[in-house]
Amino acid sequence: MSEHPVTPSAPAGDPRLSYAYYPGCSLHSTAEEFDRSTRFCADHLGMTLSEVPDWICCGSTPAHMTNHVLSLALPAETLLQARKMEPKPKAVIAPCSACYSRLRIANYEIKEKGMRDKVAEALGEDYPGDMEVRHLLDVVVNDVGLEAIAEKISRHLHGLKIASYYGCLLTRPHYATHFDDTEHPTSMDRLVEKLGGTPVDYPFKTDCCGASFAFSHPDVVWKLTGNILKSIKNAGAQAIMVACPLCQSNLDLRQSKIAKELGMEIDLPVFYFTQLLGFCLGGAEKDLEIKKMMISAGDVMEELELKSAGEVS
Amino acid sequence: MKWEIADLDTVFQDEVRHETGVDLTRCYQCGKCTAGCPLAYKMDEAPTAIMRYIQLGLRDEAVRANTSWVCVSCQTCSTRCPQDVDIAGVMDGLRRISKRSGYGHVDRIVRTFLDVFLGTIKRYGRLYELGLIAAYNIASLQPFKDFSVAPGMILKGKIKFMPPEVKTRRAKEIFERCKRMEGQQ
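Rules used throughout
- Residues numbered from 1 in each chain as written.
- Chains lettered and ligands numbered in written order.
- Predicted model: local features only at pLDDT ≥ 70, side-chain atom pairs only at ≥ 80, totals over all residues.
- Helix = DSSP H or I, 4+ residues; strand = E, 2+ residues; numbered from the N terminus.
- Rg over C-alpha atoms; globule rule 2.2 N^0.38 Å.
- Buried ≥ 20, exposed ≤ 12 C-beta atoms within 10 Å, placed from the backbone.
- Contact = placed C-beta atoms within 7 Å.
- Domains from an automatic or database assignment.
- Nonpolar A, V, L, I, M, F, W, Y, C, P; charged D, E, K, R; others polar.
- Expected span 1.5 Å × (residues − 1).
- Pairing = 2+ DSSP bridges.
- Axes fitted to C-alpha atoms, helices over the stretch in contact; angles between N-to-C directions.
- Parallel < 35°, antiparallel > 145°, perpendicular 65-115°, else oblique.
- Left-handed = near helix turned anticlockwise from the far one by under 90°.
- Core = buried A, V, L, I, M, F, W, Y, C linked by C-beta atoms within 7 Å.

1. Points about the overall build of chain A
Then, in step 1: Within chain A, the secondary structure is distributed over 15 helices and 8 strands.
Then, in step 2: Relative to the compact-globule value of 20 Å for 313 residues, chain A shows a C-alpha radius of gyration of 19 Å, a close match.
Then, in step 3: Seen through its C-alpha atoms, chain A measures out along the principal axes to roughly 60 × 50 × 30 Å.
Then, in step 4: The buried share of chain A, taken over its 313 residues, is 60%.

2. Thoughts on the overall build of chain B
Then, in step 1: Broken down by element type, chain B carries 11 helices and 0 strands.
Then, in step 2: Counting from the amino terminus, helix and strand elements in chain B follow one another as α-α-α-α-α-α-α-α-α-α-α.
Then, in step 3: Summarising its shape, the C-alpha atoms of chain B cover approximately 65 × 40 × 30 Å along the three principal directions.
Then, in step 4: Counting across all 185 residues of chain B, residues that qualify as buried make up 39%.
Then, in step 5: A sequence separation of at least 24 residues applies to 63% of the contacts in chain B between residues at least 6 apart.

3. Looking at the domain arrangement of chain A
All names here are of chain A.
Then, in step 1: Looking at chain A, the domain boundaries give domain 1 (17-135) and domain 2 (149-307).
Then, in step 2: Summarising the inter-unit geometry, the C-alpha centres of domain 1 and domain 2 are found 24 Å apart.
Then, in step 3: Contact with domain 1, which involves 24 residues of that partner, is made by 28 residues of domain 2.
Then, in step 4: Where the side of domain 1 that touches domain 2 is concerned, the elements lending two or more residues are α1 (24-27), α2 (32-44) and α5 (97-112).
Then, in step 5: Of all the elements, α2 adds the most residues to the side of domain 1 that touches domain 2, at 9 residues.
Then, in step 6: Taken together, the residues that form the side of domain 1 that touches domain 2 break down as 11 nonpolar, 9 polar and 4 charged.

4. Looking at helix α15 (residues 298-309) of chain A
Then, in step 1: For α15(A), spanning 12 residues, the distance from its first C-alpha to its last is 16 Å, which sits close to the expected 16 Å at 1.5 Å a residue.
Then, in step 2: Taken together, the buried residues of α15(A) touch α13 (273-280) of chain A.

5. A closer look at the pairing of strand β1 (residues 18-21) of chain A
Residue and element names in this part refer to chain A.
Then, in step 1: Examined bridge by bridge, β1 and strand β2 (residues 48-51) share 4 bridges and lie parallel to one another. Of the residues in β2, the one forming a bridge with Tyr 19 is Leu 49.
Then, in step 2: Examined bridge by bridge, β1 and strand β3 (residues 92-94) share 2 bridges and lie parallel to one another. Bridged to Ala 20 within β3 is Val 92.

6. Thoughts on the packing of helix α4 (residues 68-83) of chain A against helix α11 (residues 170-184) of chain B
Then, in step 1: Relative to each other, α4(A) and α11(B) sit at 155°, their axes nearing to 10 Å. One finds that α4(A) runs roughly antiparallel with respect to α11(B). Of the two possible hands of crossing, α4(A) and α11(B) adopt the one that is right-handed. The residues of α11(B) that touch α4(A), namely those facing A:Val69, A:Leu70, A:Ala73, A:Leu74 and A:Glu77, are B:Arg170, B:Ile174, B:Phe175, B:Cys178 and B:Met181.

7. Topic: the sheet that holds strand β6 (residues 198-199) of chain A
Residue and element names in this part refer to chain A.
Then, in step 1: The strand order β6-β5-β7-β8 describes an open sheet built from 4 strands, whose pairing is parallel. Since the sheet does not close on itself, it has two edges, and those belong to β6 and β8 (270-272), each with one partner.
Then, in step 2: Note that strand β7 (residues 239-242) and β8 share 3 bridges and pair parallel. Across the sheet, the residue bridging to Met 241 is Phe 271, located in β8.
Then, in step 3: Contacts from α13 reach β7 and β8, with the element oriented near 70° to β8.

8. Describing the domain arrangement of chain B
Then, in step 1: When its domains are assigned, chain B resolves into domain 1 (5-101) and domain 2 (108-184).
Then, in step 2: For domain 1 of chain B versus domain 2 of chain B, the separation of C-alpha centres amounts to 29 Å.

9. As for the interface of chain A and chain B
Then, in step 1: Listed by partner, the interface residues are 43 residues for chain A and 45 residues for chain B.
Then, in step 2: Counting residues per element, the ones that place at least two in the side of chain A that touches chain B are α3 (60-66), α4, α6 (116-123), α9 (213-216) and α10 (218-234) of chain A.

10. Quick notes on the nonpolar core
All names here are of chain A.
Then, in step 1: In terms of nonpolar packing, the biggest core is built from 158 residues, with Ala 73, Val 92 and Ile 240 touching the most fellow members.
Then, in step 2: Residue contributions to this core peak at 9 residues, all from α4.
Then, in step 3: Setting aside its immediate chain neighbours within four residues, Val 92 contacts Ala 20, Tyr 22, Val 52, Leu 79, Ala 82, Leu 103, Met 131 and Val 133.

Dropping the structure here:
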């Protein structure tokens, strides 16, 4: 993408699109490219993201498997810090589906399940559960809006066949999440369509990839992620799009091994939705870090570059 | 086996309700949780059976099965339950009960992962992935696990060598308070 002449400069921030930002642990390490492309897209969509000061880990699955109060207090601590930001943000954005789910469950249990006092005891401070939490995908699709995105993009996906993989925690559990259908979500597919790509339908888009069992029982991840990859490949997709660093890691990092186990060629690059959106907004490699993916997206990007060359003035 | 409703032992059901806030009397055994469970193939007992054991007060049967430790928390069951039973929440509760009491099935490898993960959060406030992987591999006695993917990840700059720098010590305080609260129960 270095061929792209200059990265277009970002427009002024829209005050209605100002949020607190909770990157979470993965975006500061294995998913740095998700963080970078998120910031690029935010800048170019007029969003302002202010990182929550001194945020801590949400505790993820290990916390809720171990201690109920701890699993609520860890995310509540970050929401408490966000609540103290000046001016008070209207929402905290989480790009990781697991963080998003844990933050929203904390709010839900504090408000609806009578856990406020216990969480306050653990925090040493009261948190009323009222700091709104949104997933980045929700904000991009519903606050910025697909029509506004269509006006802002300078490049297109030229019919690239993309399978959107939603995984578990973007839309589950149903009592905590809020912005898309639990069984048949469409946010990413609608985004793909708006960017000029071709959404690919397949039956495994909300099936589990095996998540953190990659550490403890990798055979589970090979089987579950294998089912997903096989289904996507058979549906004729050229690429996969995700909105969660844990999904990306299992689909991308484990893909070669799984392909070998399945005895089939898969070779599907696994993009964060912000990388493809960022490309359409004119982003270069330094903004999107597509080369960080384990399964190379070289061929796909080359084709997109060629087809886009005519579009860019 | 024939059961008289009046003879039902509800002690365990009450314990699960206290731990999770879930009312198991709502379950009418439709089996939808098991039908959608991606891990059912690895479980000694199906999620539906575990719900029944809890209803019947069959504590041993519920906690000795590997079911709760095989659960990957994907939330499919809780989302599809027509009676709004949070089955995944119950699995969490069963794991916590057996982990705390040391009674029943405990998956040693999963427990090691949980403990090492939480240890790094307590210490650093955020996840230190390299520290986690190293400590986990040593604790779980598989020092060379994931060596095949490590070089690629290092080349791509996906692994950070230094622990995260977080100024706040709030995570540590929260861990300590939660531990105290658990002891008071």
